[in-house]
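# Geometric and topological summary
What follows is the residue order along each chain.
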Amino acid sequence: MKYYDKLIFELSKKGRTGYSFGASQFATDVALPAGLIRDSAPELPEVSEVDVVRHYTNLSQMNFGVDTGFYPLGSCTMKYNPKINEEIANMKGFQALHPLQPACTVQGALEVYYGMNKALSALTGMAGFTFNPCAGAHGELTGLMIMRQYHLLRGDLARTKVIVPDSAHGTNPASAAVCGLEVVVVKSNADGLVDVADLKPLLGPDIAGIMMTNPNTLGLFEKEIGEIAALVHECGGLLYYDGANMNPLIGMVRPGDMGFDILHLNLHKSFSTPHGGGGPGSGPVGVCEKLLPYLPVPKVVKKEDGSFGVVCDSEKSAGQVSAYLGNFGVILRAYAYILMLGKQNVKLVGKYATLGANYIKESLKEWYKLPIPSICKHEFVFDGLVNDGSRKGSDDEREGATTLDVAKRLLDFGFHAPTIYFPLLFHQAIMIEPTETESLETLDAFIDVMKKIAAEAAEDPAILKAAPHNAPITRPDETTAARQPILKFQDEA
Ligand SMILES: *Cc1c(COP(=O)(O)O)cnc(C)c1O
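Let me sum up the structure you'll find in this document. (Residues numbered from 1 in each chain as written. Predicted model: local features only at pLDDT ≥ 70, side-chain atom pairs only at ≥ 80, totals over all residues. Heavy atoms only, no water.)

## Brief notes about the overall build of the protein
The helix and strand tally for the protein stands at 15 helices and twelve strands. For the C-alpha atoms alone, the extent of the protein along its principal axes is close to 80 × 75 × 45 Å. Burial statistics for the protein: of 493 residues in total, 45% are counted as buried. Of the accessible surface of the protein, which amounts to about 24,800 Å², a share of 55% is contributed by carbon and sulfur atoms. (Helix = DSSP H or I, 4+ residues; strand = E, 2+ residues; numbered from the N terminus. Buried < 20%, exposed > 50% of the residue type's maximum accessible area, 1.4 Å probe, protein only. Areas by Shrake-Rupley, 256 points an atom, 1.4 Å probe, with all protein chains shown as cover.)

## Here we look at the side chain of T403
Position of T403 among the secondary structure elements: in helix α12 (residues 403-412). For T403, a relative accessible area of 2% translates into the label buried. A polar contact is formed between the side chain of T403 and the backbone oxygen of Q428, at a distance of 2.6 Å. Those residues within four positions of T403 in sequence are excluded, and the remaining contacts are G384, I420, Y421, Q428, A429 and I430. (Polar contact = N/O pair within 3.5 Å; in protein donor to acceptor, adjacent residues only side chain to side chain. Contact = heavy atoms within 4.5 Å.)

## What to know about the site of the ligand
Near the ligand you find 13 residues, and of these S75, G136, D242, H268 and K269 are the closest. Side-chain polar atom of D242 to a nitrogen atom of the ligand: 2.6 Å apart, as the coordinates give it. When the ligand is considered free in solution it has 380 Å² of accessible area, and contact with the protein chains removes 85% of it. Secondary structure elements with two or more residues in the shell around the ligand: α5 (136-153) and α10 (267-270). With three residues, α5 is the largest single contributor of residues to the shell around the ligand. Partitioning the shell around the ligand into residue classes produces three nonpolar, seven polar and three charged. (Near = heavy atom within 4 Å. Nonpolar A, V, L, I, M, F, W, Y, C, P; charged D, E, K, R; others polar.)

## Here we look at the sheet that holds strand β2 (residues 161-165)
Across the sheet, which stays open at both edges, the seven strands sit in the order β1-β7-β6-β5-β4-β2-β3 with mixed pairing between neighbours. Two strands in the sheet have a free side with no partner beyond their single neighbour: β1 (128-130) and β3 (182-186). Taken over all neighbouring pairs, the strand axes of this sheet differ in orientation by 25° on average, direction set aside. Two elements, β2 and strand β4 (residues 207-212), share three bridges in a ladder whose sense is parallel. Note on β4: the bridge partner recorded for V162 is G209. Packing against the sheet, helix α4 (residues 107-124) makes contact with β1 and β6 (262-265), and its axis sits at approximately 125° to β1. (Pairing = 2+ DSSP bridges. Axes fitted to C-alpha atoms, helices over the stretch in contact; angles between N-to-C directions.)

## Structural notes on the sheet that holds strand β10 (residues 380-383)
With antiparallel pairing, three strands are arranged side by side in an open sheet as β10-β12-β11. Since the sheet does not close on itself, it has two edges, and those belong to β10 and β11 (419-420), each with one partner. Relative to strand β12 (residues 429-432), β11 runs antiparallel, the two sharing two bridges. The residue of β12 that forms the bridge with T419 is M431.

## Structural notes on the pattern of salt bridges
Taken as a whole, this structure holds 19 salt bridges when the rule is applied. Its salt-bridge partner being E46, residue K14 comes within 3.8 Å of it at the nearest N-O pair. Within this pair, whereas K14 is found in the segment before α1 (49-61), its partner E46 is found in the segment before α1, the two being separated by 32 residues in sequence. The exposed category is assigned to K14, whose relative accessible area is 80%. Salt-bridge contacts for K83 lead to D67; the nearest nitrogen and oxygen are separated by 3.3 Å. (Salt bridge = Lys/Arg side-chain N within 4 Å of Asp/Glu carboxyl O.)

## Description of α5
Its 18 residues give α5 an end-to-end C-alpha distance of 26 Å, which sits within 8% of 26 Å, the value for a rise of 1.5 Å per residue. Once α5 ends, the next one or two residues include G155, with phi positive near 75°. (Expected span 1.5 Å × (residues − 1).)

## Some points on the environment of Q95
In this structure, Q95 sits in helix α3 (residues 92-95). C-alpha of Q95 to C-alpha of F328: the two residues are 233 residues apart in sequence and 9.2 Å apart in space. In contact with Q95, other than residues within four places in its own chain, are A89 and N90. A distance of 2.9 Å separates a polar atom in the side chain of Q95 from a polar atom in the side chain of N90.

## Here we look at the environment of G400
The residue G400 is located in the loop between β10 and α12 in this model. Considered as a pair, G400 and L385 are 15 residues apart in the sequence and their alpha carbons are 9.3 Å apart. Once you skip the residues sitting within four places of it in the chain, G400 turns out to touch D388, G389, S390, D405, P461 and K465.

## Digging into the packing of helix α11 (residues 328-364) against helix α13 (residues 440-459)
Running from N to C, α11 and α13 cross one another at 30°; their axes reach a closest spacing of 10 Å. Viewed along their axes, α11 and α13 adopt a mutual orientation that is roughly parallel. Here the hand of the crossing between α11 and α13 comes out right-handed. Between α11 and α13, the residues in contact are G356, Y359, I360, S363 and L364 and L440, L443, D444, F446, I447, M450 and K451, respectively. Broken down by class, the residue content of the contact of α11 with α13 amounts to eight nonpolar, two polar and two charged. (Parallel < 35°, antiparallel > 145°, perpendicular 65-115°, else oblique. Left-handed = near helix turned anticlockwise from the far one by under 90°.)

## Examining the nonpolar core
Counting 52 residues, the largest nonpolar core has M116, L120, I163, I210, I228, L267 and F271 as its most contacted members. Of all elements in the fold, only α4, β3, α7 (196-199), β4, α8 (225-234), β5 (238-243), β6 and α11 reach the threshold of two or more residues within this core. In terms of residue count, α11 provides more of this core than any other element does, ten residues in total. Of all hydrophobic cores here, the second largest spans 25 residues; its members include L370, L385, F446 and M450. (Core = buried A, V, L, I, M, F, W, Y, C linked by side-chain atoms within 4.5 Å.)

## Some remarks on the pairing of strand β8 (residues 299-302)
Side chains on a regular strand alternate between the two faces of the sheet. The pairing of β8 with strand β9 (residues 308-311) spans four bridges and is antiparallel. The partner of K302 across the bridge, within β9, is F308. Once β8 ends, the chain turns through five residues before running back antiparallel as β9, passing G306 with a positive phi of about 90°.

Okay, structure coming up:
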């Protein structure tokens, strides 16, 4: 333990201060109401300025982020976020806005909403968007509320089920359940795609719709989407597209053209906004023409005189899903990103995302088991090591290295671990997504380390089992850490 690994309270020494204010800086003749005066002094750490600065600077460096290293977290799209977005989101004219300001005083901000609506509609092939949902899962719930409202207002009350593939992101069935819809699972076939033969018997008058991701969670393009869309529409259902990871398709293929009626995007993944740690996020929802009236309120509209306004025409709307118009700063960053790329360069996003993922997959497939060998899109899944170093039944019997061990060992080399043990289709899943913003040199460095780790596992899996060897925390009990986190100073005295 380094001396600065202590908590700020543990660094505290009675009577030590990090500041000094001249008495003349305070008015002394102001009498505070008795009810506002403390009975006892607040329990604050007593530390010098240099201790405070070192403590928080060191703490910040214990964190791992896309600004400190490669972060190949599958299904999460941890890509580089251009710093110009931060400059723009920090511009006074945007930052100091209040959501209840009269529309005539925020025309610029409303124009950003409007422009973003046009840009995303063009990129996805949808008729219009709401930006009110504050996360991807929130967008899913909003989209499903729109789906339900559409069926309810047609008097079609029997449609209470939604079909979700077994490879789906966990939020899909969860959102359906929160929306009061019953989840029906459709199986994947041996190629990792939705099994159309398994889907057909599920379709009927009780189906509200299907939720899909394309490319799916295995990074595979659902080639039968045309047929699936026709089948679902024929039975009276709607198609929902989970576009959290749209980056392999941006500028190349549009979900609207595939037959999807409703979708959400994660601006805090595919559209270059920082994410992690719980927000802020943005999960805009786009719909096809016939579902426009069901979008949540409030909405931003362009009036006949060219100015922008905010309306709440809630006659058919699925309702209100957040306090105002969503997380404006996130929308602003995404808008800057789209405009910066422009029509030409936006086409490169999907190509590079796909190229990077396939490059890593092909480079490592002799060392890591590749259950589905076809061309992937932005991500792919390995199923553990080809040679995990185990020697079961031999004289010097030993346990082999697992996916967890590989992930832990990567930390020693300065890489964030990929997503592990997800999706649940494989026991030792390692899900890698490099994203489009990484250089060939970075990909090569990662590939080298992954090969080195595979060689270590074959030779001496104990090295991996004891990893990480140089991280502040090594192997916490992850369940307890998640379920009963200790988030504040525990004063033992
Ligand atoms: C991240 C993700 C979500 C959920 O998004 P949140 O903003 O974390 O709620 C949904 N679906 C997929 C495929 C995702 O990758």
